[in-house]
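Topology and contacts: notes
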Amino acid sequence: MSENGHLVSLRGVRKRFDNLEVLHGIDLDVAEHNVVCLIGASGSGKSTLLRCINLLERIDEGTIVFDGQTLTGTKIDVNALRQKIGIVFQAYNLFPHMTVLQNVMLSPRKALGLSRAEAEERARTLLNTIGLAEKADEFPDRLSGGQQQRVAIARALAMEPKLMLLDEITSALDPQLIGEVLELVRRLADSGMTMILATHEMSFAREVANKVCFLDKGVICEEGTPAEIFSSPREPRTREFLSRVLESGRL
Amino acid sequence: MGPFLHEFFSPLDFLRAAPQVWTGFKVNLQLMFVAEAFVLVFALLLAVVRGLPGRAALPLRAAAVLYTDIFRGTPLLLVLLMVQGFATLNYFGLSSGTLFTNAVIALTLVYTAYVTEVFRAGIESVHPSQRMAARSLGLSYMQTMRYVVLPQAIRRVVPPLLNDFVGLQKDTALVSVIGVFEAVAQAGQYSNDFSNFAGESVAAVFFIFLTIPLARFTDHIIRQRERRERAQVV
């Protein structure tokens, strides 16, 4: 835990791709056991921000402190760090040449050095929790999108992370499959998992988030409780974004 | 047609040449399997080296590129002669190695260059999101390679690998120039002794019958994969 009880603190984070600056100085605090939702249009920097936090992207300026450790130094052990931060992607990114069980067991075995038996026990328990115990020996391609995404969440949880980053994890799913994934995220939130979600599911954000941040063009334009952001947004840009979302029927 | 059939396909000469050519052909078989084993190992290593990230690995990457450039560009015939020539210099205090060893070295040098490119194409065909997912789980670069990237890459390049294997198999015929007494050399010997080309015909038949099963096996693997990929779409 870092100072002020925050598990994650970002200060002045900037990220450029070539000449395009996609993050223009982000400040963000995430308290332990809290859920923070990042909302905003595609291209506003939500995904990049998440990837910077587990160092899949290197930031150009600013600092990120996670669990009392400054990630922006040069001596950081990225592999050890990533073991404590799980990330789930929009496109699931399961390993297609491995069964569901092998997908979940791989990193506990190889990165944490668990024995096969320990890793398998952990994986089976998780698959049980997500209701996919009977799919353990299937290959990912034979599962529905919703099931694949639940496996991806289990795979990340198998590392027993302190923080979960969820990058638009329902955006690639058919509407009828979104529910089962969100239900799992809701249970995670209830269990006290600290999470940062980039999402387009506004009603879900409203329900689970402790804090909502509206990103626009690489800055956090407005942040507050779900009630503040969704019911009485102060910034015109937030209002405009939310009314567009409302029109498309997603709130 | 008479002289042609007599020269190349006379049944008597066919039967008489077959055992002699077969003796040589066993050498081709050994060459091909031994060289292929080395080729697969070295090519995979080189392909991984070529993909290493970062400035520190630059010399290694450059060396790997140089290697492929040189040995893909040099005709196998020249490489054979040069390896043989080098061996006669006795640098390693061995009595110039054996001809078989020299042949294996030359075949390995040249085919490793080809097969490296095949593996590299396979590695690059694995979507970056797979690496990202593996790295995000805390796996190291090498663990990601070993458990996530290479298994998928190798699966994809089996057909082109078999294709190169067929090429290697046929090119073992060239090693007769440094004096390895394989099928072609035996066939030539037969031609000299009996003024008849049946030896060459027999050698050709042996090569063809070795290639056909491999080609069918390649087709089978391609079909199998197509079936699997179609199943994914449905």
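Source: prediction; values computed, not measured.

Moving on: the overall build of chain B. Scanning chain B from terminus to terminus reveals 9 helices and 0 strands. Listing the helices and strands of chain B from first to last along the sequence gives α-α-α-α-α-α-α-α-α. Rg of the C-alpha trace for chain B: 22 Å, well past the compact-globule value of 17 Å for 234 residues, more than 25% over. Expressed as lengths along the three principal axes of its C-alpha atoms, the size of chain B is roughly 70 × 55 × 25 Å. Every one of the 234 residues in chain B was classed for burial, and the buried ones make up 35%.

Looking now at the interface of chain A and chain B. Across the contact, 18 residues belong to chain A and 17 residues belong to chain B. Looking at the side of chain A that touches chain B, the elements that each hand over two or more residues are helix 2 (78-84) and helix 3 (100-110) of chain A. The class makeup of the residues in the side of chain A that touches chain B is 8 nonpolar, 6 polar and 4 charged.

Residue and element names in this part refer to chain A. Burial runs high along strand 7 (residues 163-167): 5 of the 5 residues are buried. The alternating pattern of strand 7 places L163, L165 and D167 and M164 and L166 on opposite faces, both of which are buried. As judged from the 4 bridges shared by strand 6 (residues 85-88) and strand 7, these two strands associate in the parallel manner. What sits directly across from I85, in strand 7, is L163. Here strand 7 pairs with strand 8 (residues 194-198) via 5 bridges, running parallel. What sits directly across from L163, in strand 8, is T194.

The nonpolar side chains of soluble globular proteins are, as a tendency, buried together. Grouped together as the largest cluster of nonpolar side chains are 136 residues, with contacts concentrated most on L38 and V104 of chain A. Discounting residues that sit within four places of it in the chain, L38 of chain A has contacts with K46, L49, I196, L197, A198, C213 and L215 of chain A.

Let us now look at unusual backbone geometry. Residue and element names in this part refer to chain A. Unusually for a residue other than glycine, D18 sits at a positive phi of about 55 degrees. Looking at D18, the number of C-beta atoms within 10 Å reads 5, which means it is exposed. Even without glycine at this site, Y92 takes up a positive phi of about 60 degrees. Here Y92 lies in the loop between strand 6 and helix 3.

Here we come to the packing of helix 3 of chain A against helix 5 (residues 145-157) of chain A. The relative placement of two packed helices is expressed as an angle between their axes plus a distance between the axes. Residues and elements named next belong to chain A. The contact between helix 3 and helix 5 brings their axes to 8 Å, and the two run at 25 degrees. By the angle class used here, helix 3 and helix 5 are roughly parallel. In the packing of helix 3 onto helix 5, the handedness of the crossing is right-handed. Here helix 3 contributes V100, N103 and V104 to the contact with helix 5, which in turn contributes V151, A154 and R155. Grouping the amino acids of the contact of helix 3 with helix 5 by side-chain chemistry returns 4 nonpolar, 1 polar and 1 charged.

Quick look at the sheet that holds strand 10 (residues 219-224) of chain A now. All names here are of chain A. Strand order across the open sheet formed by 6 strands is 6-7-8-3-9-10, with mixed pairing between neighbours. Strands with a single pairing partner mark the edges of an open sheet, and in this sheet they are strand 6 and strand 10. The sheet shows a mean angle of 20 degrees between the axes of neighbouring strands, taken without regard to direction.

So, about the sheet that holds strand 5 (residues 69-70) of chain A. All names here are of chain A. The strand order across the open sheet built from 4 strands is 2-1-4-5, with neighbouring strands paired in antiparallel fashion. Only two strands of the sheet have a single partner each, and these edge strands are strand 2 (20-31) and strand 5. Here strand 1 (residues 6-17) runs beside strand 4 (residues 61-66); their pairing, made up of 5 bridges, is antiparallel. Counterpart to V8 in the pairing with strand 4 is F66.

All names here are of chain B. Structurally, L12 can be placed in helix 2 (residues 11-51). Its 11 C-beta neighbours within 10 Å are what place L12 among the exposed residues. With 186 residues separating them along the chain, L12 and A198 place their C-alpha atoms 9.1 Å apart.

Conventions used here
Residues numbered from 1 in each chain as written. Chains lettered and ligands numbered in written order. Predicted model: local features only at pLDDT ≥ 70, side-chain atom pairs only at ≥ 80, totals over all residues. Helix = DSSP H or I, 4+ residues; strand = E, 2+ residues; numbered from the N terminus. Rg over C-alpha atoms; globule rule 2.2 N^0.38 Å. Buried ≥ 20, exposed ≤ 12 C-beta atoms within 10 Å, placed from the backbone. Contact = placed C-beta atoms within 7 Å. Nonpolar A, V, L, I, M, F, W, Y, C, P; charged D, E, K, R; others polar. Pairing = 2+ DSSP bridges. Core = buried A, V, L, I, M, F, W, Y, C linked by C-beta atoms within 7 Å. Axes fitted to C-alpha atoms, helices over the stretch in contact; angles between N-to-C directions. Parallel < 35°, antiparallel > 145°, perpendicular 65-115°, else oblique. Left-handed = near helix turned anticlockwise from the far one by under 90°.

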